[in-house]
Amino acid sequence: MLPASHAYGALTPPSPRGVRALVGKVLHVGVLSSAAVLLTGYLVGLIAEPATFGSHSAEQAHLAARASFPHSLLAVWDGIGHGSGEAIIVAGVLVLILTPVAGLATSAVAFARRRDWLFTVISTTVLSVILGSFVIGWLTA
Amino acid sequence: MTIVELSLVLLAISIAAGVLGALLGLGGGFVIVPVLTLVFHLDIRLAIGTSIVAVAATSSAGAAINVSESITNLRVATFLALATTLGAVTGALLAGVFDARFLFALFGIVLALSGVQMLRTRPVTTVKVPVSLIKDRVPAMQAVRASGNIAEGAVRGRHLADRLALHSAYYDESEGREVPYVVVQTGLGLALMYLAGTMSGLLGIGSGALKVPAMDLAMHIPMKVSTATSNLLIGLTASASAVVYFARGDIDPLIAGPVAIGVLVGATQGSKMLRNIRSDRLRVLFVIVLGTVAAQMLWKGIG
């Protein structure tokens, strides 16, 4: 029989401020780095690809006809290698998309380090559901 | 209009969307999608892809500021994310089974009803909660701890929240004091989050509009904490689906780029405003916006 206090997570230190501060820091880094990459991509695009970034028709037909922006990791990687502004912007968007997941992964590790096993299991489960839907989505897209 | 001009217009609109989205826990998709489709006549596919990026941006920028200040309740968010992410997967699997127009109409009606409900004052029962139950407190709570009586809330359905140590406290700048709170009806909240997640998977929307009322009405979480926590939650489901949109080629850098930058700036500002705004004003603002979102949904369902 466990002591009654065990149910309330009494084995963990009283305040999980460390967990929150760490998660906040990781999100902050994700936000700042994606903003930096996005701006870099935009500047590179303006300078190197005036045909795309300065074009005169932002109408739907024009945007739809383009339809050749990078949308696979390989294309993004290739594009960055060639100094493509669009590819760099997509990389920034990807960093942004992955930031909430990085925050969740950080909280899973932080909960584990605090021996808060219940929340370690919960956050790991959420993480696997998200990673599972990444894989399923990628395969079916 | 050149691409540069388009980017500047998108930037301005996205800043506004970011402020509102972060303040209200809605993610900003409710501004981005109508603007891109109705004003710029953009393909709905690209509009939704962009809106997903906007939600991820609002969520990350907002939580980066509010998690460490404990306005965002990380434990509540983590626990409820179980239901929202599983719901989103369920919704994606069920896509096409139900008539989308019926779902939009239903969603609109549910939102309108929750808006009305949110304006009614709820009866508050004062209960004594042992301080040992509050794990997520901040140091200034020592004074409260001494008094032994720490928060108000209904008694029913509190046990799961006790076990999970979901009760918490946040510092409210507008009131100049620490606000302790007790989380109730956790099971009901979890079920509602599953439904909200399923809706977002089915309809490709953020469904923060359903998550905030669920936390406020069912779980009795303070308004500010509800919007900030909803903000963190919708980022996780947005991440999961954004990868699909990216792989499908629905995220156009020339549109999503300026929107992402604008939303990051706006959401950072909106999250700082969240600390200072008065809770009753936040509630009224939320209900007004909820009304317009409900109207959007009804329009899609009936129009």
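Numbering of residues starts from 1 in each chain and follows the order in which that chain's sequence is written. Here chains are named by letter from A upward and ligands by number from 1 upward, in the order in which they appear as written. Where totals are concerned, whole chains, interfaces and linings use all residues; where local detail is concerned, this predicted model gives features only for residues with pLDDT of at least 70, and gives and counts side-chain atom pairs only at 80 or more. Side-chain calculation: all heavy atoms of the structure are included, whereas hydrogens and water are not.

Turning next to the interface of chain A and chain B. Contacts between chain A and chain B engage 66 residues on the former and 62 residues on the latter. Salt bridges are defined by distance alone: a side-chain nitrogen of Lys or Arg within 4 Å of a carboxyl oxygen of Asp or Glu. If you look at where chain A meets chain B, you find 1 salt bridge. Arg75 of chain B is the partner of Asp116 of chain A in a salt bridge, and the nearest nitrogen-oxygen pair spans 3.0 Å. N or O atoms closer than or at 3.5 Å make up a polar contact, with two conditions inside protein: a donor-capable atom paired with an acceptor-capable one, and, for residues adjacent in sequence, both atoms drawn from side chains. Counting the contacts that link chain A with chain B gives 4 residue pairs in polar contact (both at pLDDT 80 or more). Helix and strand assignments come from DSSP, with helices taken as H or I runs of at least 4 residues and strands as E runs of at least 2, each series counted from the N terminus. Of all elements in the fold, only helix 1 (17–48), helix 2 (50–53), helix 3 (60–66), helix 4 (73–81), helix 5 (85–113) and helix 6 (117–140) of chain A reach the threshold of two or more residues within the side of chain A that touches chain B. For the side of chain A that touches chain B, the element with the most residues is helix 1 of chain A, which contributes 15 residues. Note on residue classes: Ala, Val, Leu, Ile, Met, Phe, Trp, Tyr, Cys and Pro are nonpolar, Asp, Glu, Lys and Arg are charged, and everything else, Gly too, is polar. Class assignment of the residues belonging to the side of chain A that touches chain B gives a composition of 41 nonpolar, 20 polar and 5 charged. Whether two residues are in contact is decided by their heavy atoms: any pair within 4.5 Å suffices.

All names here are of chain A. Relative to the elements of secondary structure, Ser107 occurs in helix 5. Exposure classes here rest on a 1.4 Å probe applied to the protein chains alone. A residue is buried below 20% of its type maximum, exposed above 50%, and partly exposed in between. A relative accessible area of 2% places Ser107 in the buried class. Considered as a pair, Ser107 and Leu27 are 80 residues apart in the sequence and their alpha carbons are 11 Å apart.

We now examine the confidence of the model for chain B. Residue and element names in this part refer to chain B. Per-residue confidence from the prediction method is given by pLDDT, with values spanning 0 to 100. Counting all residues, the mean pLDDT for chain B is 83, and 87% of those residues have values of 70 or more. Put simply, helix 6 (residues 142–147) is where chain B has its lowest mean pLDDT, 39, and helix 11 (residues 253–276) is where it has its highest, 94. Scored below 50 in pLDDT, residues 136–156 shows 46 contacts in the model against residues more than four places distant or in partner chains. Across the interface, the model reports ipTM at 0.86; the global pTM reads 0.86.

Residue and element names in this part refer to chain B. Inspection of the secondary structure assignment puts Leu290 in helix 12 (residues 279–302). For the pair Leu290 and Val116, spaced 174 residues apart in sequence, the C-alpha to C-alpha distance is 9.9 Å. In this structure, Leu290 is in contact with Leu111, Ser114, Gly115, Met118 and Ala209, ignoring residues within four places of it in sequence.

Each pair of aromatic rings taken from Phe, Tyr and Trp, with Trp reduced to its six-membered ring, is defined by centres within 6.5 Å and is described as stacked if the planes are under 30 degrees apart, edge-to-face if over 60, and tilted in the remaining cases. Taken as a whole and assessed by the stated rule, the structure comprises 2 aromatic pairs over all chains. Taking the centre distance of 5.3 Å and the plane angle of 45 degrees together, the rings of Phe111 of chain A and Phe119 of chain A count as tilted. Summarising the burial analysis for this pair, Phe111 of chain A and Phe119 of chain A share the class buried. Of note, Arg75 of chain B hangs over the ring of Phe119 of chain A, and the distance from its end group to the ring centre comes to 4.1 Å. Cation over ring: Arg248 of chain B sits above Tyr245 of chain B, and NZ or CZ is 5.3 Å from the ring centre. Should the NZ of a Lys or the CZ of an Arg lie within 6 Å of a ring centre and within 35 degrees of the ring normal, that charge is described as sitting over the ring.

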